[in-house]
Amino acid sequence: MCETYKYNKEPTETNHRKICKEIMDAATSQKPWFGIEQEYTLLAQDGHPFGWPKNGFPGPQGPYYCGVGANRVYGRDVVEAHYRSCLYAGIRVSGTNAEVMPAQWEYQVGPTEGIHMGDDLWVSRYILQRVAEDFGVVVSFDPKPMAGDWNGAGAHTNFSTEPMRKPGGMEAIQNAIDKMSKHHIRHIKAYDPREGKDNERRLTGAHETSSIHDFSAGVANRGCSIRIPREVAAQGYGYLEDRRPSSNCDPYRVTAVIV
């Protein structure tokens, strides 16, 4: 992987790594840790979700999340080949699971510090597409690949600094949430490549999302912008989860704007 520059040695418009690296270097003393939950959808080559009936739809959502069995999950061979390839490549993949919509999956990268979050996620996406190619399957990072009563796909971003991870860190977590609440629009514009236009199809307030128009935070609440895990609230320190980033986000922009 490399950064891209123009003929005049200025970074290209899509090179968000350069500014992200500068921000992370400036925040080294805070030791910012990230863990991103990358959701994606497997499609057949005709663009229809992999494993779905060709002229219809599977049963309603419910039995597919973290499911097992050929009648509930489609494409596990791709998922397992992908995470093994990532581990072989030295990428910090910490888990995978089947998601709420059938043919939708997630893998988690992290926890990792600073610029490594963007690097690891970027290369893991390349490896995913390369592995899926061998299976004749297409990977979609679209945040709402199927309209209607189907979950979208996000890139929930777990974040902490060293003060948040120490006993009594809940104060630092609340301070961070307060700061983020004042920059909701700025974050939304950084959380998908079209400055919110992709994400507005997903962040509707339904299907375990918050509304794109409002900022909210809560404990163990999947319908909030920022979720504080129940365990974190109970012990009084840990991390926060930003549930707004879309599945097709640029991880350098996401991690940079959070820091």
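What comes next concerns the included structure. (Residues numbered from 1 in each chain as written. Predicted model: local features only at pLDDT ≥ 70, side-chain atom pairs only at ≥ 80, totals over all residues. Heavy atoms only, no water.)

**Re the overall build of the protein chain**
- Helix and strand content of the protein chain: eight helices and eight strands.
- Over its C-alpha atoms the protein chain spans a radius of gyration of 18 Å, differing by no more than 12% from the 18 Å that the globule rule assigns to 259 residues.
- Each principal axis of the C-alpha atoms in the protein chain carries an extent, and together these give about 55 × 50 × 35 Å.
- Looking at the protein chain as a whole, 51% of its 259 residues qualify as buried.
- At a minimum sequence separation of 6, the contacts of the protein chain that also span at least 24 residues come to 69%. (Helix = DSSP H or I, 4+ residues; strand = E, 2+ residues; numbered from the N terminus. Rg over C-alpha atoms; globule rule 2.2 N^0.38 Å. Buried < 20%, exposed > 50% of the residue type's maximum accessible area, 1.4 Å probe, protein only. Contact = heavy atoms within 4.5 Å.)

**What to know about the nonpolar core**
- Membership of the largest hydrophobic core comes to 46 residues, with the highest contact counts inside it found for Tyr 40, Ile 173, Leu 240 and Ile 258.
- By residue number, the principal contributor to this core is helix H3 (residues 116-134), which donates six residues.
- With residues up to four places along the chain from it excluded, the contact list for Ile 173 reads Met 164, Ile 228, Val 232, Tyr 237, Gly 238, Tyr 239 and Leu 240.
- Among the nonpolar cores identified, the runner-up in size contains six residues, and Tyr 74, Met 101, Met 146 and Trp 150 belong to it. (Core = buried A, V, L, I, M, F, W, Y, C linked by side-chain atoms within 4.5 Å.)

**Quick look at the pattern of salt bridges**
- Counted according to the given criterion, the structure contains 17 salt bridges.
- Ionic pairing is found between Arg 243 and Glu 241, a salt bridge with its closest N-O pair at 3.3 Å.
- In this structure Arg 243 comes out as buried when scored by relative accessible area, which is 3%.
- Taken together, the shared-partner salt bridges in this structure form one network comprising Asp 142, Arg 194, Asp 198 and Arg 201. (Salt bridge = Lys/Arg side-chain N within 4 Å of Asp/Glu carboxyl O.)

**Here we look at the pairing of strand S3 (residues 104-113)**
- Taken across its 10 residues, S3 has eight buried, putting it largely inside the fold.
- One ladder, built from eight bridges, connects strand S1 (residues 33-43) with S3; its direction is antiparallel. Bridge pairing links Phe 34 to Thr 112 in S3.
- Pairing of strand S2 (residues 93-98) with S3, which is carried by five bridges, proceeds in the antiparallel orientation. Bridge assignment links Ala 98 to a residue of S3, and that residue is Trp 105.
- Hairpin connection of S2 to S3: five residues between the antiparallel strands, including Ala 103 at a positive phi of 80 degrees. (Pairing = 2+ DSSP bridges.)

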